[in-house]
Amino acid sequence: MQYKAEMFEWTGPAKEEQTLSGSGAAGYWKDVRQRLRGNKVVTSCLVILLLLVAGAIFVPLFSRYSISDQDLSSTNLGWMTGGHLFGTDKLGRDLFVRVWYGTRISLIIAFSAVLIDLVVGMVYGGIAGYFGGKTDEIMMRVLEVVVAIPYMIIVILLMIVLKPGVTTIILAYGAIGWTGMARLVRGQMMQLKEKEYVLASRLLGAGSWRIIFRGLIPNSLGVIIVNLTLTIPSAIFTEAFLSYIGLGVQIPLASLGTLASEGITSFQTYPGLLIIPAVFLCVTMLTFNLLGDTLRDVIDPKSKE
Amino acid sequence: MLRYIVQRLGFAVLTLWVLITLTFVLMQLLPGDPFVGDRALTDSVKNALYAKYGLDQPVYIQYLKYLGNAVQGDFGDSLIYTGRPVSTILEEAFPFSIDLGIRALVFAVFAGMLLGITAALKKGTGWDTVSMIIAAIGISVPSFILGSLLQYFLALKLSGFTNTQFGFRLLPISGWASEQHKILPPFVLGLSSLAIIARMMRSSLLEVAGQEYVKTAKARGLSMPLLVTRHMLRNAILPVLTILGPLTASVLTGAFVVENIFNIPGMGKYFVSSVQTNDYPMIAGTTLFLGAFLIGANLLVDLSYTLVDPNIKLYKAKV
Amino acid sequence: MVLTGSLVLAGCGPKTDNSPVSAADPQSSGNAAAVKTSATINIESEPPQLSSLRTTDVVSMNVLRHVQEGLTRLDQSNQPIPGAAESWEVSGDGLMYTFHLRDMKWSDGSSVAASDFAFAWKLILSPGYGAPYAYLLYPIAGAQDYNAGTGSEDAIGIKVVDEKTLQVTLSQPTAYFPFLTAAASYLPINEANYSKQTADGYGAEAATLLYNGPWKIDSWEHNSQITLVKNEDYYDAASVKLDTINMKIVSEAGTAYNMFASGELDTVTLHDGDQIQQAKNAGYEVLTKSDGATSYFVYNTQDAILKNNNVRTALTYAIDRTSLINNVLKDSSVPALSFTNPDVSGENGSFKEEVGDLLKDNDGAEAKNYLDAGLTELGLTALPALTLLIDDRGAKKTEAAAYQEFWKKNLGIEVDIEVMPYKAMRAKVDSKDFQIAIGGWGPDYNDPMTFLDMLVTGGGNNSSSYSNTEYDQYITQATVEKDPAKRFGLLRQAETKLMQDLPIGPIYFMNQSYAVQPGLKGVVRSAFQDINLYWAYFE
């Protein structure tokens, strides 16, 4: 393939955005808002997410069935039969309400994971990367220990101390989930702090925290956002993996992970039990991924159209 | 540089020591007993077993003994697979894991970078969308679903069809014997890494494309393939490298689901089962292994930073 | 006549494809070329080790059953028949068994001697060894004391009379002793070979074992497969048809079924109703074997609420077992309205038939009455939420959700379900930190005692902490009672008493379904022999 200059759009950084003055940053976010408004992908992703969130909140509230109501005389019903939109599961429970409830649980887990990633991972990685030297050395060694501690021990101990359930799963994710983000932010910090504008701000008397959080992190936002959109699937996967080995949310509750892992055992006879939760799972993740992708393009101060 | 490496190795030993100490403490808190089966043990049997494996001694004695032996390369025998040293069990499983892991990673890195580069260079076009959707699917389907579905549709149904029609089986259901066995599992295992790499590649390449020197180079009429391969990739690869370390470790050790579905005798299962069965020497052994592996991978990644971007100085203290 | 028969069999046994065709019987020789003599089955996990001293799991026993042989072995209908012992005599008081060994060789060429049994049995009982199943040898005089560290080795009733004669003295007459001697814990061990291995090494690798069974282990690829080849020196090699057995280690049930469906396995266990349906849809005949085990609720009788008999009765009666089996499990399990599994023999037939149904299934109204009575006794107006503890294996979670709903619907009780990894669950049960748990119990030998002595006061497996002097007396008396009729009478009384007090609430008798490829015949699967290919052959 022949590459020509015309095939590439101009994505150069605007000089004013590389300074750290207050007015520049405000102008930048205003700019971001403007660009977000017109973006079709972002809009449709947000609409889908909104629908998912609304469904997750309201369907279980207003459904005719509760998530635990069983009818052993009508188990494994197919689509649109017996008054069940998505049919019923092995215990004759309404799959429609269970899938929406599962979406709720999975979204709670996902959002909590993002929060943990943002707060713990970013701060940790930011500090380590910016200060470098001994601080970095010690912080990274601590991180290595955290990552290497057997995950299953943490999960089981958490289940003993707390009860098995959503909180436990979030904490189980949080225990090591932030480390990826921390390493990534640290890598970015190390790279960016050598740049001229950081030196300039330092000379102008900006404190370390200000440089980290007003200068370096916004400039790493692209990578951070992409990583965040990866956090969501990995959090939902953590939950699904725990479901797969039998340690998911509390019965009779359900998450998309537990529903899918229950469905996997019977998909050859009742494919709906797998397909429906799997589709919800995939749509949720796809939406987050596309949103993250597009946001990256829009928010990144260096890639202005 | 050499001093830095030596220093890091010193740290590595220290880290491993902290890790094993912590694990030893946490292990003691695990509920359950390695010897409990479906039948209760009589007290005499239980005491005999505890005495035999030194579990009747105070924890600090057990700990010191373990450290002493581990330094000499003896990681003890498994309490479940009695008579088999932990090191032997891991040694036997490791070749399968490394084979599976390398195949998965090679697939993930090549396909992932290809997708990422395509998407970045063709940003905003259909190529971009398609590449990113392929990547998104990779991280949207949990491996236990993907693995089971592929096994059913490709290895059972499609291969059953080719068998009746053409007299050969396309893909076997499970196992790790022939090259045919080694197609589906690495694919399933590598797909999520592929997605991660593709997206990382795309985003960091776009970032690099916005930088002065690229613009300058472009303005000077440097040919695009040269620009990409010589200059942009080199800089864009940094975030990809960052995740490659942990990714390698997770691919090697986190293959539990794929090993389980495709029946591969790798070491992924031990990371789960050793904890579930309270097999203490096995827990300690797998932890040390994973720890050493992660530390090594991180060291390599940090070193490669300096190779890729000479601006980064790891080994000079800076405030 | 007999001679001819065995010659023909010998001809088609070992040499298959290349065996010279006998002109006398063109029909059979024509087939002989095509007949498969290699079967592939799956075992569900890697055997922890294959030492008969330590083995407690079904998988290891499945392997050992094919490669080592005790004094007796079980036939197709689970009756003990001569194995390494050609014959045996029992003394008039039923206490002394004299076994006469046949000429049998270990796979290294040495002969199987009476001392091999004495060595293995004394080792398994030695107090320092810590063999989990040592208790299976307790019927032997002095065994229990020695194992507990209070008796001497010399006092054990095992006597090597000569190389081919073993005399065993029991502490009580034990009619099922020849049945026990077929169990893995009673297998012989060649001392010379054993002492060559490292401390725990015996049974860790195929090369550390010697074989005297119908097959030998050819290779053991850990976590992958165990390959058995026919033992040509086996005394009954002529009737063993399979030359090789490949045991693939497949832990994932779905994978195992797919392997079966693609022809990679010759037989497979169907793990749930869905797999049974799949197999039926694919046109396979679905066979059923009793698992021999009973699934039941374990009620913690030390708990402030579950100490009440009426509450326990209410919980037990409120379960709709029939609906559970038909709609949720969808397999061939049977509602359990008593504890001892139907596969266990009683005085004349099945012990379960002799005691009859002792509980009510799905009796919501009566359950409610019991609950009200219980609440009054406890001085409560409503029952606080209870907790059902289960482990994470198999389909327990689905079952538990069904129980939760039965109790809610029939009794209006809220029950939380706590899922734990198996060992963690066992730890909670053993420390009595639970209210209700789900238990399963299978027989060690074919006698009701294997079920009933579990619940004696202070028994190791008595997780309910049940303690009742009347019940204890029935069991103690039955242990020493020599008259079978009286003994079974006592056992029936014990079972009845148990079902009145309900420290455990029976749910169902477990059955397992499995499918076999059309060509493979003679596969024996039962409660006492999970799988035995001794009589298996391909058509």
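This text follows the structure it describes.
Residues numbered from 1 in each chain as written. Chains lettered and ligands numbered in written order. Predicted model: local features only at pLDDT ≥ 70, side-chain atom pairs only at ≥ 80, totals over all residues. Heavy atoms only, no water.

Trainee: Quick rundown of the overall build of chain A? Include the residues and the values.
Mentor: Secondary structure summary: chain A contains ten helices and zero strands in total. Listing each helix as α and each strand as β along chain A from the N terminus yields α-α-α-α-α-α-α-α-α-α. The buried share of chain A, reckoned over its 305 residues, is 63%. Taking as baseline every contact in chain A between residues at least 6 positions apart, the subset at least 24 positions apart corresponds to 71%. With an accessible surface of roughly 11900 Å², chain A has 69% of that area assigned to carbon and sulfur atoms. (Helix = DSSP H or I, 4+ residues; strand = E, 2+ residues; numbered from the N terminus. Buried < 20%, exposed > 50% of the residue type's maximum accessible area, 1.4 Å probe, protein only. Contact = heavy atoms within 4.5 Å. Areas by Shrake-Rupley, 256 points an atom, 1.4 Å probe, with all protein chains shown as cover.)

Trainee: Any chance you could break down the overall build of chain B for me, citing the residues and the numbers?
Mentor: For chain B, the count of helices and strands is twelve helices and zero strands. Secondary structure elements of chain B occur, N-terminal to C-terminal, as α-α-α-α-α-α-α-α-α-α-α-α. Each principal axis of the C-alpha distribution contributes one length, and for chain B these read about 85 × 70 × 30 Å. Out of the 319 residues in chain B, the part that is buried amounts to 57%. Summarising the internal contacts of chain B: among those between residues at least 6 apart in sequence, 70% fall at separations of at least 24. Per element, the accessible surface of chain B, about 12900 Å² overall, is 68% carbon and sulfur. Averaged over its 24 positive side-chain charges, chain B has a centre that lies 14 Å from the centre of its 17 negative ones. (Lys, Arg positive; Asp, Glu negative; His and termini not counted. Charge placed at Lys NZ, Arg CZ, Asp CG, Glu CD.)

Trainee: An account of the interface of chain B and chain A is needed here, citing residue identities and associated values.
Mentor: Contact residues are listed per partner, giving 75 residues for chain B and 66 residues for chain A. Roughly 6400 Å² of surface becomes buried between chain B and chain A when both sides are summed, with 68% attributable to carbon and sulfur atoms. Three residues, Phe-144, Arg-199 and Glu-207 of chain B, lead the burial of chain B against chain A; their summed loss comes to 10% of the area buried on that side. Taken together, the links from chain B to chain A amount to one salt bridge. For Arg-8 of chain B, the salt bridge identified is with Glu-137 of chain A, shortest N-O distance 3.8 Å. In this assembly, chain B and chain A are joined by zero residue pairs in polar contact (both at pLDDT 80 or more). (Buried area = accessible area lost by both parts, 1.4 Å probe. Salt bridge = Lys/Arg side-chain N within 4 Å of Asp/Glu carboxyl O. Polar contact = N/O pair within 3.5 Å; in protein donor to acceptor, adjacent residues only side chain to side chain.)

Trainee: Lay out the pairing of strand β10 (residues 244-249) of chain C in plain terms, naming residues and giving numbers.
Mentor: Every regular strand shows the same layout, with side chains that alternate between the two sheet faces. All names here are of chain C. Looking at chain direction, strand β1 (residues 38-43) and β10 are connected through six bridges and run parallel. Its bridge partner lying in β10, Ile-41 is registered against Met-247. For strand β9 (residues 225-230) and β10, the ladder comprises five bridges, and the chain directions are antiparallel. If you follow Ile-226 over to β10, its bridge partner there is Met-247. (Pairing = 2+ DSSP bridges.)

Trainee: Explain the sheet that holds β10 of chain C to me, and be specific about the residues and the numbers.
Mentor: Residue and element names in this part refer to chain C. Strand order in the open sheet formed by four strands is β1-β10-β9-β8, with mixed pairing between adjacent strands. Either end of the sheet is taken by a strand with one partner, and the two such strands are β1 and β8 (215-221). Within the sheet, the average angular offset between the axes of one strand and its neighbour, ignoring direction, is 20 degrees. (Axes fitted to C-alpha atoms, helices over the stretch in contact; angles between N-to-C directions.)

Trainee: Kindly report on unusual backbone geometry, identifying the contributing residues and their values.
Mentor: Following Ile-251 of chain A, the chain continues to Pro-252 of chain A via a peptide bond in cis, the omega torsion being 5 degrees. Considering the arrangement of structural elements, one finds Pro-252 of chain A in the loop between α8 (208-244) and α9 (256-264). We note that Asn-76 of chain A has phi near 50 degrees; this positive angle belongs to a residue other than glycine. Position of Asn-76 of chain A among the secondary structure elements: in the loop between α2 (40-62) and α3 (95-131). By relative accessible area, Asn-76 of chain A is classed as buried at 11%. In this model, Asn-362 of chain C sits at a positive phi of 50 degrees, which is unusual for a non-glycine residue. Its location among the elements puts Asn-362 of chain C in the loop between α12 (351-355) and α13 (364-378).

Trainee: Run through a nonpolar patch on the surface, naming residues and quoting values.
Mentor: Together, Leu-158, Phe-161, Phe-166, Phe-168 and Leu-170 of chain B make up a nonpolar patch on the protein surface, roughly 470 Å² of accessible area in all. If you trace the backbone, Leu-170 of chain B turns up in the loop between α6 (143-166) and α7 (184-209). (Patch = residues over 30% accessible without salt bridge, like charges linked within 9 Å, V, L, I, M, F, W, Y side chains within 5 Å.)

Trainee: Tell me about the sheet that holds strand β7 (residues 165-169) of chain C, and name the residues and values.
Mentor: Residues and elements named next belong to chain C. With antiparallel pairing, four strands are arranged side by side in an open sheet as β4-β5-β7-β6. Edge positions in the sheet fall to β4 (85-90) and β6 (158-162), since each of these pairs with one other strand and no more. Mean inter-strand twist for the sheet, computed between neighbouring axes without regard to direction, equals 20 degrees. Summarising the sheet, β6 and β7 pair through four bridges and their orientation is antiparallel. Bridging from a neighbouring strand, Lys-159 pairs with Gln-167 of β7.

Trainee: Could you give an account of the packing of aromatic side chains, with specific residues and numbers?
Mentor: Residues and elements named next belong to chain C. As enumerated under the stated definition, the model contains 46 aromatic pairs over all chains in all. Judged by centre distance (4.2 Å) and plane angle (10 degrees), the rings of Tyr-176 and Tyr-445 are stacked. Of the two residues, Tyr-176 is situated in the loop between β7 and α6 (177-180) and Tyr-445 in the loop between β16 (436-441) and α16 (449-452); the sequence distance between them amounts to 269 residues. Relative accessible area serves as the criterion here: at 15%, Tyr-176 is assigned to the buried category. Measuring from centroid to centroid gives 5.5 Å for Tyr-466 and Tyr-471, while their planes differ by 65 degrees, and the two rings are edge-to-face. The residues Tyr-466 and Tyr-471 share a single accessibility class, namely buried. Put simply, the rings of Trp-88, Tyr-97, Phe-99, Phe-117, Trp-121, Phe-177 and Tyr-186 pair up and form one aromatic cluster. (Phe/Tyr/Trp six-rings, centres within 6.5 Å; stacked < 30°, edge-to-face > 60°.)

Trainee: How would you explain the packing of helix α4 (residues 86-121) of chain B against helix α9 (residues 224-253) of chain B if you had to name every residue and give the values?
Mentor: Residue and element names in this part refer to chain B. Where α4 contacts α9, the two axes come as close as 11 Å, and the packing angle between them is 145 degrees. For the element pair α4 and α9, the recorded crossing hand is right-handed. Taking contact as the criterion, the partners of Ser-97, Ile-98, Gly-101, Ala-104, Leu-105, Val-109, Met-113, Ile-117 and Leu-121 in α4 are, on α9, Val-228, Leu-233, Ile-237, Leu-244, Thr-248, Val-251 and Leu-252. Looking at the contact of α4 with α9 residue by residue, the classes come out as 13 nonpolar, three polar and no charged. (Left-handed = near helix turned anticlockwise from the far one by under 90°. Nonpolar A, V, L, I, M, F, W, Y, C, P; charged D, E, K, R; others polar.)

Trainee: Describe helix α11 (residues 268-276) of chain B, and please don't skip the residues or the numbers.
Mentor: Residue and element names in this part refer to chain B. The element α11 is largely enclosed, with a buried count of seven among its nine residues. Within the span of α11, buried status applies to Gly-268, Tyr-270, Phe-271, Val-272, Ser-273, Ser-274 and Val-275. Looking one or two residues past α11, Asn-278 carries a phi angle of roughly 55 degrees, positive in sign.

Trainee: Describe the environment of Phe-434 of chain C, with residues and values.
Mentor: All names here are of chain C. Here Phe-434 shows up in the loop between α15 (422-430) and β16. For Phe-434, a relative accessible area of 7% corresponds to the buried category. Sequence-wise, Phe-434 and Ser-467 are 33 residues apart; in three dimensions their C-alpha atoms are separated by 18 Å. Ignoring anything within four residues of it in the chain, the contact list for Phe-434 reads Val-298, Tyr-299, Asn-300, Leu-389, Lys-428, Val-429 and Ser-463.

Trainee: Which residues make up helix α1 (residues 2-29) of chain B, and what values go with them?
Mentor: Compared with the 40 Å implied by 1.5 Å per residue over 28 residues, the 41 Å span of α1 of chain B between its first and last C-alpha is a close match. Every buried residue of α1 of chain B is accounted for by Tyr-4, Arg-8, Ala-12, Thr-15, Leu-19, Ile-20, Thr-23, Phe-24, Leu-26 and Met-27 of chain B. (Expected span 1.5 Å × (residues − 1).)

Trainee: I'd love a proper account of the interface of chain A and chain C, names of residues and values included.
Mentor: At the interface, 28 residues of chain A touch 29 residues of chain C. Across the chain A/chain C interface, buried area totals approximately 2300 Å², and carbon plus sulfur atoms make up 52% of it. Of all residues in chain A, Leu-72, Ile-251 and Gln-268 of chain A bury the most surface against chain C, accounting for 26% of the area lost on that side. Counting every contact that joins chain A to chain C gives one salt bridge. Residue Asp-274 of chain C pairs with Lys-90 of chain A through a salt bridge whose shortest N-O separation is 3.7 Å. If you look at where chain A meets chain C, you find three residue pairs in polar contact (both at pLDDT 80 or more).

Trainee: How would you explain the nonpolar core if you had to name every residue and give the values?
Mentor: Counting residues in each nonpolar core, the largest one holds 197 residues, and the members touching the most others are Ile-145 and Met-232 of chain B. When residues no more than four places from it in sequence are discounted, the contact partners of Met-232 of chain B are Leu-205, Val-208, Ala-209, Tyr-213, Val-214, Met-224 and Leu-227 of chain B. With 159 residues, the next largest nonpolar core counts Ile-140, Phe-177, Ala-206 and Ala-536 of chain C among its residues. (Core = buried A, V, L, I, M, F, W, Y, C linked by side-chain atoms within 4.5 Å.)

Trainee: How would you summarise the side chain of Asn-193 of chain C if you had to cite specific residues and measurements?
Mentor: All names here are of chain C. Along the chain, Asn-193 falls in helix α7 (residues 191-196). Among the polar contacts made by the side chain of Asn-193, one reaches the side chain of Gln-197 at a distance of 3.2 Å. With residues up to four places along the chain from it excluded, the contact list for Asn-193 reads Tyr-202, Thr-208, Leu-209 and Leu-210.

Trainee: Outline the packing of helix α5 (residues 126-140) of chain B against α7 of chain B, listing residues and values.
Mentor: Residues and elements named next belong to chain B. At a minimum axis distance of 7 Å, the contact between α5 and α7 shows a crossing angle of 140 degrees. The angle between the axes of α5 and α7 places the two elements in the oblique class. Judged by the sense of rotation from one axis to the other, the crossing of α5 with α7 is left-handed. Across from Asp-128, Met-132, Ala-135, Gly-138 and Ile-139 in α5, the residues of α7 making contact are Leu-191, Ser-192, Ala-195, Ile-196, Ala-198, Arg-199 and Arg-202. Here the residues of the contact of α5 with α7 sort into seven nonpolar, two polar and three charged. (Parallel < 35°, antiparallel > 145°, perpendicular 65-115°, else oblique.)

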